[in-house]
Amino acid sequence: MAATTMTTTLGFVLPTSLSPRRGGFRVSVIRCSASPLTLSTGSAASGVVEKPWSTYDARLVLEDGSIWPAKSFGAPGTRVAELVFNTSLTGYQEILTDPSYAGQFVLMTNPQIGNTGVNLDDEESEQCFLAGLVIRSLSISTSNWRCTKTLADYLTERNLMGIYDLDTRAITRRLREEGSLNGVLSTEQTKTDEELLHMSRSWDIVGIDLISDVSCKSPYEWVDKTDPEWDFNTNTRDGKPYRVIAYDFGIKHNILRRLSSYGCQITVVPSTFPASEALKMNPDGILFSNGPGDPSAVPYAVETVKELLGKVPVYGICMGHQLLGQALGGKTFKMKFGHHGGNHPVRNNRTGQVEISAQNHNYAVDPTSLPGGVEVTHVNLNDGSCAGLSFPAMNVMSLQYHPEASPGPHDSDNAFREFIELMKRSKQSS
Ligand SMILES: NC(=O)CC[C@H](N)C(=O)O
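Keep in mind that this is a model prediction, so the values were computed, not measured. (Residues numbered from 1 in each chain as written. Predicted model: local features only at pLDDT ≥ 70, side-chain atom pairs only at ≥ 80, totals over all residues. Heavy atoms only, no water.)

Caption draft 1: Highlighting the overall build of the chain. Summing up its helical and strand segments, the chain has 10 helices and 21 strands in all. Per-residue burial for the chain yields a buried fraction of 57% across its 430 residues. Here the contacts in the chain between residues at least 6 apart in sequence split such that 76% fall between residues at least 24 apart. Accessible area for the chain stands at about 17,500 Å²; split by element, carbon and sulfur atoms hold 51% of it. (Helix = DSSP H or I, 4+ residues; strand = E, 2+ residues; numbered from the N terminus. Buried < 20%, exposed > 50% of the residue type's maximum accessible area, 1.4 Å probe, protein only. Contact = heavy atoms within 4.5 Å. Areas by Shrake-Rupley, 256 points an atom, 1.4 Å probe, with all protein chains shown as cover.)

Caption draft 2: Here's a closer look at empty space enclosed by the protein. Counting across every chain of the model gives two cavities of 30 Å³ or more. The space that makes up the largest cavity amounts to roughly 130 Å³. Only helix H9 (319–327) and strand E18 (354–366) provide two or more residues apiece to the lining of the largest cavity. It is E18 that contributes the most residues to the lining of the largest cavity, four residues altogether. The residue makeup of the lining of the largest cavity, split by class, is five nonpolar, nine polar and one charged. Each of domain 1 (6–39 + 49–201) and domain 2 (211–429) accounts for three or more of the residues forming the lining of the largest cavity. Size it by volume and the second largest cavity reaches roughly 100 Å³. Forming the walls of the second largest cavity are 15 residues, and the residues nearest its centre are Asp98, Lys252, Gln359, Asn360 and Pro407. Mapped by element, the contributors of at least two residues to the lining of the second largest cavity are helix H1 (92–96) and E18. In terms of residues, the lining of the second largest cavity owes the most to one element, E18, which gives three residues. A per-class count over the lining of the second largest cavity returns five nonpolar, seven polar and three charged. (1 Å grid on protein atoms, 1.4 Å probe; cavity = no way out; pocket = protein on both sides within 12 Å on 5 of 7 lines; lining within 4 Å. Points joined across faces, edges and corners; volume = space filled by probe spheres on them. Nonpolar A, V, L, I, M, F, W, Y, C, P; charged D, E, K, R; others polar. Domains from an automatic or database assignment.)

Caption draft 3: A look at the site of the ligand. The full set close to the ligand counts 13 residues, and Gly291, Gly293, Cys318, Asn360 and Tyr363 are the nearest of them. In this structure, tyrosine 363 approaches the ligand through a main-chain N or O atom, which is 2.8 Å from an oxygen atom. Taken by itself the ligand offers 300 Å² of open surface, and the protein chains cover 98% of this. Here the ligand is seated within the largest cavity. (Near = heavy atom within 4 Å. Polar contact = N/O pair within 3.5 Å; in protein donor to acceptor, adjacent residues only side chain to side chain. Sits in = over half its atoms within 2 Å of the grid points.)

Caption draft 4: Structural context of the domain arrangement of the chain. Examined at the domain level, the chain breaks down into domain 1 (6–39 + 49–201) and domain 2 (211–429). At the junction of the two partners, domain 1 supplies 29 residues and domain 2 supplies 22 residues. A combined buried area of about 1,900 Å² lies between domain 1 and domain 2, and 47% of that area is made up of carbon and sulfur atoms. Among the residues of domain 1 in contact with domain 2, Pro99, Ser100 and Glu124 are the three that bury the most area, contributing 28% of the side total. Seen at the junction of domain 1 and domain 2, the total is two salt bridges. Among the salt bridges present, the one from glutamate 82 reaches lysine 334, with a minimum N-O distance of 2.4 Å. Contributions of two or more residues to the side of domain 1 that touches domain 2 are made by strand E5 (78–86), H1 and helix H3 (168–178). The class makeup of the residues in the side of domain 1 that touches domain 2 is eight nonpolar, 10 polar and 11 charged. (Buried area = accessible area lost by both parts, 1.4 Å probe. Salt bridge = Lys/Arg side-chain N within 4 Å of Asp/Glu carboxyl O.)

Caption draft 5: Region of interest: the layout of surface pockets. In this structure, the largest pocket spans a volume of roughly 490 Å³. In terms of lining, the largest pocket is formed by 24 residues, of which the most central are Thr226, Asn254, Arg257, Ser406 and His410. It is helix H6 (residues 253–261) that provides the largest number of residues to the lining of the largest pocket, a total of three residues. For the lining of the largest pocket, a count of residues per class yields four nonpolar, seven polar and 13 charged. Counting contributing residues per domain, the lining of the largest pocket is built from domain 1 (6–39 + 49–201) and domain 2 (211–429), each supplying no fewer than three.

Caption draft 6: Summary view of the pattern of salt bridges. For the coordinates displayed, the defined rule picks out 16 salt bridges. Arginine 59 is the salt-bridge partner of aspartate 193, the closest N and O atoms lying 2.7 Å from each other. A residue pair is termed long-range when its members are at least 10 positions apart, and aspartate 193 in helix H4 (residues 193–201) and arginine 59 in strand E3 (residues 56–62) qualify at 134 residues. Aspartate 193 sits in the buried class, given a relative accessible area of 11%. One salt bridge in this structure joins glutamate 375 and arginine 350, with 2.8 Å as the shortest N-O distance. Linking glutamate 375 in strand E19 (residues 375–380) with arginine 350 in the loop between strand E17 (331–348) and E18, this pair joins segments that are 25 residues apart in sequence. Judged by its relative accessible area of 51%, arginine 350 falls in the exposed class. What emerges from the salt-bridge pattern is a single network uniting Glu124, Asp224 and Arg257.

Caption draft 7: Seen up close, the confidence of the model for the chain. Confidence in the prediction for the chain averages 89 pLDDT; 86% of positions are at 70 or higher. Across residues 1–28 the pLDDT falls below 50, and counting only partners more than four positions away or on other chains, this stretch makes 59 contacts in the model. For the stretch residues 34–45, pLDDT sits under 50, and the model shows 21 contacts to residues farther than four places along the chain or on other chains. Per the prediction output, this complex has pTM 0.89; the corresponding ipTM is 0.98. (pLDDT = per-residue confidence, 0-100.)

Caption draft 8: Seen up close, the nonpolar core. Ranked by size, the top nonpolar core spans 30 residues in total, and within it Tyr247, Phe249, Ile286, Phe288, Val314 and Leu323 carry the most contacts. For this core, the secondary-structure elements that each account for two or more residues are strand E13 (242–248), helix H7 (275–280), strand E15 (285–288), helix H8 (299–308), H9 and strand E20 (386–391). Each residue touching leucine 323, except ones within four places of it in the same chain, is listed here: Phe249, Pro295, Val298, Ala301, Val302 and Val305. Counting residues in each nonpolar core, the second largest holds 28 residues, with Ile251, Met397, Ala415 and Ile420 among its members. (Core = buried A, V, L, I, M, F, W, Y, C linked by side-chain atoms within 4.5 Å.)

Written out as structure tokens, the structure is:
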């Protein structure tokens, strides 16, 4: 699977209007390529089989001036987004439907993707919000008892771009060195490299409100649970479920399923739902969900969180955690290349236990900006960043990562039980 990177400098000098936004990038356009895949059949005289999906020439043009020729296996078109890499071995369908990836291309570091196809059960939202999928190699066959269609058909039906046959390992190394890069993915041959490069440098994910595009438009009740063996509904009071309002900043379904399996009755509300209306519904607790983009670009959501603080127990996950961090007086910042994958070690500072966690974020809360009384409960052991917060005086708990997994390990599922305990304690003391 190892691909050789052949790098050829085309050597033209960019006009000054295309000079890089960030310091330190080279200014010539570099064309990079991976060795093309050739599949031997053994029996065919030519030794080459046709791949059973349509291919187009495609290009990924990054803002650092590198150009990665590729093949398309999804929708045609041209899209601009931020490129991040994800280290999950599988779970690509959950990744495709995680609304937190809006505005991003996801590059899978696992070299072969698509071998289990897609099914009706593994969706994390109704839509694919990410801008495109970048993989090294698309599995030529699908084999899984739940598979209902191939990944290529799924992407095409959903008008989502996907490219393969490029050196994803070399691109990942570049992202680790330079940080996340903006880029343009295009199947359009009429567009020049310079045009695509200009597009990638004229766009920025920072400062954009992406949650309003992915949030639901009106409140609704959620009833679905996870499978019965994951049903931990031992925490209801007097047989009545805990009533939870879930703010939808781009919520993943498995957060709702896990809360439901722990015995919560859930109303999902839009990101702009007024705090006063939420309080009128007399909830036992409020969940602030995951969601895409820059947490400092959505001050209205921070205001809502502030209005609810101290009135009812609250639980933030990922974007929800970042909004809580700001509402408590702290600051968020953009990380170099973020955390995306199912293999991130996190230490629970209270118990000393280490959980292997599912993560997907490019921003983090700066723990030094937080006021006294706010406790950093979890730390990411790869880089020491803040992975969880608690503010007992206001019944606040939050995690930067994903206790609901989907995809990823289940080590952190107990965080849902802790939220139930928080609601229980708050009821008992009131
Ligand atoms: N999964 C999420 O909620 C992501 C949070 C935020 N958009 C980030 O990238 O940091």
